[in-house]
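This is what each chain is made of:
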Amino acid sequence: GYYLEEILTDGNTYVGILLSDGKEQKVVRSKSLVLATGGYSGVYLRNTSAYNVAGDSIAVAYRAGCNLMDLEFVQFHPTAVYVEGKPGWLISEAVRGEGAMLVDENGERFIDELKPRDEVARAILKKYQEGHKVFLDIKPIIDKGIDFKERFPNVYNILKEFGLENTTKIPVSPSAHYSIGGVKANLDGKTDIKGIFAVGETACSGVHGANRLASNSLLECIVSGYKTAYNVYINNMCNKINYVNISNDVKSEKAMEKSDREKILKKIKTVMWNNVGLIRSKKSLEKALAELENIYDTLSNFCNVRYLKDLTILCKGITLSALSREESRGVHYREDFPTQSEEFSKHTILENNFKINFRRF
Ligand SMILES: Cc1cc2nc3c(=O)[nH]c(=O)nc-3n(C[C@H](O)[C@H](O)[C@H](O)COP(=O)(O)OP(=O)(O)OC[C@H]3O[C@@H](n4cnc5c(N)ncnc54)[C@H](O)[C@@H]3O)c2cc1C
């Protein structure tokens, strides 16, 4: 299918978009654009996102002039199935609620499994950093006489796909799961550029604060989706869409090989996982910034790397936001500033040219 590559504006007003399927490009002119392209937890090495949702279009919107908000707030789910080289798949809280325990390779419990997501996730990560392995032990559920397959059919099917259906100790790791930040918008979808609207996980309206409650995101999608559609309609911003084919050849001699693009994508995700993940510090964030700058420099020599460039821009925005917020709040944890500070009881706005502004509203 076609991917959003550019948003075209005239000053502060939206005029159209540029789409590409990798072979040909199309310009679509319309009165308004509603971005509903998902979140950005896919920029982390371990994540629970669909493979093609990593937030590049948030960077496209940023390049078009939209401000971004609260990017440093990324929620990590504590218990995704973890098998090296395979995508993560989350095991819902309900399994821990039913009695499953978190244990290390010696069978030792190390955390109250029912604490908030960020606390449990950090405790698991620390175990990994100390060289341990972590498992979700479902034996206590079976010992209660509950048929696991019957009680959790979806989880059972996932375990089967991983070849883990006959084990009671499931290897788990925290995984980036939900992006609280995004394109700054209100609940009517309005962004800072006239004609551009953002809804769902792409948008950040502030409703999730610093730590989203489970299940509130779908609710937000419904509310903001409805309100945005209504807003676009009553403001007469619907239009017959005009397609224009343009004959740009997206291939050129300076195209980067697919295997090299894949390597760089993995590098970006690794930088984010290692340095801008669950536990951050000035040192780790500055390291990430330097590595992201290097990656961007490498990319600037090639013509077919728009996606990677946009992910690098977005990651730089996440990292700068995390660096600027010198406190710990909700899902944002700085080991060098471990407590919450009233001074930062504000939203982080990423403005043009990577300028950070803290605002209360
Ligand atoms: C495993 C899992 C379980 C979850 N469980 C719950 C739950 O129980 N309750 C709850 O409230 N929330 C849950 N969430 C979160 C919730 O599902 C998401 O926040 C929500 O689905 C986001 O919807 P969306 O429409 O904003 O984006 P998405 O559903 O991510 O859709 C984005 C779409 O945009 C497309 N796209 C992306 N980039 C481009 C581009 N450049 N050009 C064109 N198209 C593009 C993608 O292909 C995709 O189709 C869960 C999330 C996951 C991953």
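Residues numbered from 1 in each chain as written. Predicted model: local features only at pLDDT ≥ 70, side-chain atom pairs only at ≥ 80, totals over all residues. Heavy atoms only, no water.

As recorded in an unreviewed UniProt entry, the protein chain goes by the name L-aspartate oxidase, listed as coming from Sulfurihydrogenibium azorense. UniProt's Sequence similarities (unreviewed entry) comment on the protein chain is quoted here verbatim: "Belongs to the FAD-dependent oxidoreductase 2 family. NadB subfamily." In its Cofactor (unreviewed entry) section, the UniProt record describing the protein chain reads: "FAD". (UniProt positions renumbered as here; feature names shortened; annotations may be inferred.)

(A) Quick look at the pattern of salt bridges. All chains considered together, the criterion is met by 28 salt bridges. Among the salt bridges present, the one from Arg325 reaches Glu327, with a minimum N-O distance of 2.7 Å. By relative accessible area, which is 0% here, Arg325 ends up buried. A relative accessible area of 0% places Glu327 in the buried class. Between Glu351 and Lys355 there is a salt bridge, with the nearest N and O atoms lying 3.7 Å from each other. Here Lys355 falls in the partly exposed class, since its relative accessible area comes to 47%. One connected set of salt bridges, linked through shared partners, spans Glu5, Glu6, Asp56, Arg63, Arg306 and Asp310. (Salt bridge = Lys/Arg side-chain N within 4 Å of Asp/Glu carboxyl O. Buried < 20%, exposed > 50% of the residue type's maximum accessible area, 1.4 Å probe, protein only.)

(B) Broad picture of the pairing of strand 1 (residues 3-10). Pairing geometry for strand 1 and strand 2 (residues 13-20), over seven bridges, is antiparallel. By the bridge assignment for strand 2, Asp10 is matched with Thr13. The hairpin formed by strand 1 and strand 2 contains two residues between the paired strands, and Gly11 there has a positive phi angle of roughly 65 degrees. (Pairing = 2+ DSSP bridges. Helix = DSSP H or I, 4+ residues; strand = E, 2+ residues; numbered from the N terminus.)

(C) Inspection of the UniProt feature "domain: FAD-dependent oxidoreductase 2 FAD-binding" (unreviewed entry) in the protein chain at higher detail. Look at the UniProt record and you will see "domain: FAD-dependent oxidoreductase 2 FAD-binding" (unreviewed entry) annotated at residues 4-218. Annotation note: span residues 4-218, helix share 22%, strand share 29%, distance between end C-alpha atoms 23 Å.

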